[in-house]
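Fold and geometry: a report
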Amino acid sequence: MESQLTILLPVAAVWLAAGVVADGLPRLRNTRMLRRRTGWLLVLALTGVALTAAVLGGGLLSAGTAPVDRAAAGLTLAAGPALVATVCSVRRIRRLWAGAGAFASAPAAPAPHGLRAAAAHPLVGLPLQVTALATVPALIAAAGADLGADPGVTGPAITVGALAVIAIGVRHALRHNRFAERARPAVAGSTRAAGALHV
């Protein structure tokens, strides 16, 4: 039980750190800080993907009741969000890092709203945070509490988890829309309508 928890703790810690860093990206107003934090986030996301794949792969190669086998069984819930993070989030984070690098000649420049809107996109932070949330049941089971054993606990736990995912997604969508609206150029009014009428 303890060795299973020892395997799962680093995986959960990396995904949690990635979710926290991703949540703070849109609040950064400096281009240099945005590039630095995006680099950290890219490293954390790739580390989380590698650790999750290593545990799941070790569970497939292991036979029987080894600790890595039990840890892999606990991480099956996190496999889906981790795959979405691999396909969607890592690519967007890398593009955001490159976009912030375009301002390397002016590191003190304020981060434009377009970059902050890209940092607030739901596909940047949501898969990372959902993966971190999906590792919680595995940690609880490794600590000795079995949520699936009591039907009176399983239903509310699933409901709370689903509501948490929906709340995180709505928050990301609202924040992305706010920054995207600021990034749009102002529409110039018609000069013809503003002039005097000629009959």
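Our subject is the structure listed above.
Throughout, residues of each chain are indexed from 1 in the direction in which the sequence is written. Two thresholds apply to this predicted model, a pLDDT of at least 70 for residue-level local features and 80 or more for giving and counting side-chain atom pairs, whereas whole-chain, interface and lining totals are computed over all residues. Hydrogen atoms and water are omitted, and side-chain values are computed over all heavy atoms in the structure.

1. Remarks on the overall build of the protein
As a reminder of what qualifies: The secondary structure listing takes helices from DSSP runs of H or I that are at least 4 residues long and strands from runs of E that are at least 2 residues long, numbered from the N terminus. Partly exposed residues are those whose accessible area sits between 20% and 50% of the maximum for their type, while under 20% is buried and over 50% is exposed, using a 1.4 Å probe and protein chains only. Throughout, a residue-residue contact means that at least one pair of heavy atoms, one from each residue, lies within 4.5 Å. Using the Shrake-Rupley algorithm and a 1.4 Å probe, accessible areas are obtained, with residue cover drawn only from the displayed protein chains.
Assigned secondary structure in the protein consists of 9 helices and 0 strands. Secondary structure of the protein in N-to-C order comes out as α-α-α-α-α-α-α-α-α. The proportion of buried residues among the 199 residues of the protein is 34%. Taking contacts inside the protein between residues at least 6 apart in sequence as the whole, the part at least 24 apart equals 81%. For the protein, the accessible surface area stands at approximately 11200 Å², while carbon and sulfur atoms represent 69% of it.

2. As for the pattern of salt bridges
For clarity, the cut-off: What makes a salt bridge here is a side-chain nitrogen of Lys or Arg within 4 Å of a carboxyl oxygen of Asp or Glu, nothing more.
If you walk through the whole model with that rule in mind, you get 3 salt bridges. Taking the shortest distance from any N to any O, the salt bridge between aspartate 23 and arginine 27 comes out at 3.8 Å. The partner of aspartate 23 in a salt bridge is arginine 171, with the nearest N and O atoms 2.5 Å apart. With a gap of 148 residues between them, aspartate 23 in helix H1 (residues 2–24) and arginine 171 in helix H8 (residues 151–183) connect regions that are remote in the sequence. Among the residues examined, aspartate 23 registers a relative accessible area of 14% and is labelled buried.

3. Observations regarding helix H4 (residues 76–101)
This is how it is decided: For a helix, the expected span equals 1.5 Å multiplied by the number of residues minus one. Axes are fitted to the seven residues ending at a residue and to the seven starting at it; the angle between these axes is taken as the bend at that residue.
Between its terminal C-alpha atoms H4 stretches 36 Å, which fits the 38 Å expected from 26 residues at 1.5 Å a residue. Where H4 bends most, at alanine 85, the angle is about 40°. Among the residues of H4, Ala78, Pro81, Ala82, Ala85, Cys88, Ser89, Val90, Ile93, Leu96 and Ala100 are the ones counted as buried.

4. Let's talk about the packing of H4 against helix H6 (residues 122–134)
Our working rule: In this analysis an axis means a line fitted to C-alpha atoms, helices contributing only their contacting stretch, and an angle means the value between N-to-C directions, from 0 to 180 degrees. Note on angle classes: values under 35 degrees are labelled roughly parallel, values over 145 roughly antiparallel, values of 65 to 115 roughly perpendicular, and the remainder oblique. Handedness of each helix crossing follows the sense of rotation of the near helix against the far helix: counterclockwise by less than a right angle gives left-handed, clockwise gives right-handed. Amino acid classes used here: Ala, Val, Leu, Ile, Met, Phe, Trp, Tyr, Cys and Pro are nonpolar; Asp, Glu, Lys and Arg are charged; the rest, including Gly, are polar.
Running from amino to carboxyl end, H4 crosses H6 at an angle of 155°, the nearest separation of the two axes being 8 Å. Relative to H6, H4 is oriented roughly antiparallel. Our pair here, H4 against H6, has a crossing hand that is left-handed. Of H6, the residues touching H4 (which contributes Leu77, Ala78, Pro81, Ala82, Val84, Ala85, Cys88, Ser89, Arg92 and Ile93) are Leu123, Val124, Pro127, Leu128, Val130, Thr131 and Ala134. Taken together, the residues that form the contact of H4 with H6 break down as 14 nonpolar, 2 polar and 1 charged.

5. Quick word on the nonpolar core
Under the convention used in this document: In this text, buried Ala, Val, Leu, Ile, Met, Phe, Trp, Tyr and Cys residues form a nonpolar core when linked through side-chain atoms within 4.5 Å.
Core analysis: the biggest nonpolar cluster contains 35 residues, and Leu8, Trp15, Leu25, Leu34, Leu41, Ile93 and Leu128 have the highest contact counts within it. Excluding residues within four positions of it along the chain, tryptophan 15 makes contact with Ala45, Gly48, Val49, Thr52, Ala82, Ala85, Leu128, Thr131, Ala132 and Thr135.

6. Regarding a nonpolar patch on the surface
Stated formally: For patch building, the residue pool is restricted to those with more than 30% relative accessible area and no salt bridge; the joining distance is 9 Å between like charges and 5 Å between nonpolar side chains (Val, Leu, Ile, Met, Phe, Trp, Tyr).
On the surface, a nonpolar cluster with roughly 400 Å² of combined accessible area is contributed by Leu163, Ile166, Val170 and Leu174. Mapped onto the secondary structure, valine 170 falls in helix H8.

7. Looking at the packing of helix H2 (residues 31–61) against H4
Axes are the key here: two packed helices are described by the angle between their axes and the distance separating the axes. One way to put it is that H2 packs onto H4 with a least axis distance of 9 Å and a crossing angle of 155°. Viewed along their axes, H2 and H4 adopt a mutual orientation that is roughly antiparallel. Relative to H4, the crossing made by H2 is left-handed. Along the contact surface, H2 presents Thr31, Arg35, Thr38, Gly39, Leu41, Leu42, Ala45, Leu46, Val49, Thr52 and Leu56, while H4 presents Thr76, Ala79, Ala82, Thr86, Val90, Ile93, Arg94, Leu96, Trp97, Ala98, Ala100 and Gly101.

8. Focus: H2
For clarity, the threshold we go by: Any N or O atom pair separated by 3.5 Å or less is treated as a polar contact, with the protein-specific requirement of one donor-capable and one acceptor-capable atom, and with residues adjacent in sequence counted only for side-chain atom pairs.
The end-to-end C-alpha separation of H2 is 44 Å, in line with the 45 Å expected for 31 residues at 1.5 Å each. Burial in H2 covers these residues: Thr31, Leu34, Thr38, Gly39, Leu41, Leu42, Ala45, Gly48, Val49, Thr52, Val55 and Gly59. Capping of H2 at its N-terminal end is provided by asparagine 30; its side-chain oxygen lies 2.7 Å from the backbone amide nitrogen of arginine 32.

9. Quick word on the packing of aromatic side chains
So the rule is basically this: Ring pairs shown here join Phe, Tyr and Trp side chains whose ring centres sit within 6.5 Å, with only the six-membered ring taken for Trp; geometry is labelled stacked below 30 degrees between planes, edge-to-face above 60, and tilted in between. Charge-over-ring contacts are defined here by two conditions on Lys NZ or Arg CZ: a distance within 6 Å of the ring centre and an angle within 35 degrees of the ring normal.
Counting across every chain of the model gives 0 aromatic pairs. Across from the ring centre of tryptophan 97, 4.0 Å away, lies the NZ or CZ of arginine 35, which sits over that ring.

10. Re the side chain of serine 89
Position of serine 89 among the secondary structure elements: in helix H4. Under the relative-accessibility criterion, serine 89 is labelled buried at 0%. Reaching out from serine 89, the side chain makes a polar contact with the backbone oxygen of valine 124 at a distance of 3.5 Å. Those residues in contact with serine 89 that lie beyond four places of it in its chain are Val84, Leu123, Val124, Pro127 and Leu128.

Remember that the coordinates give geometry; whether it matters functionally is a separate question.
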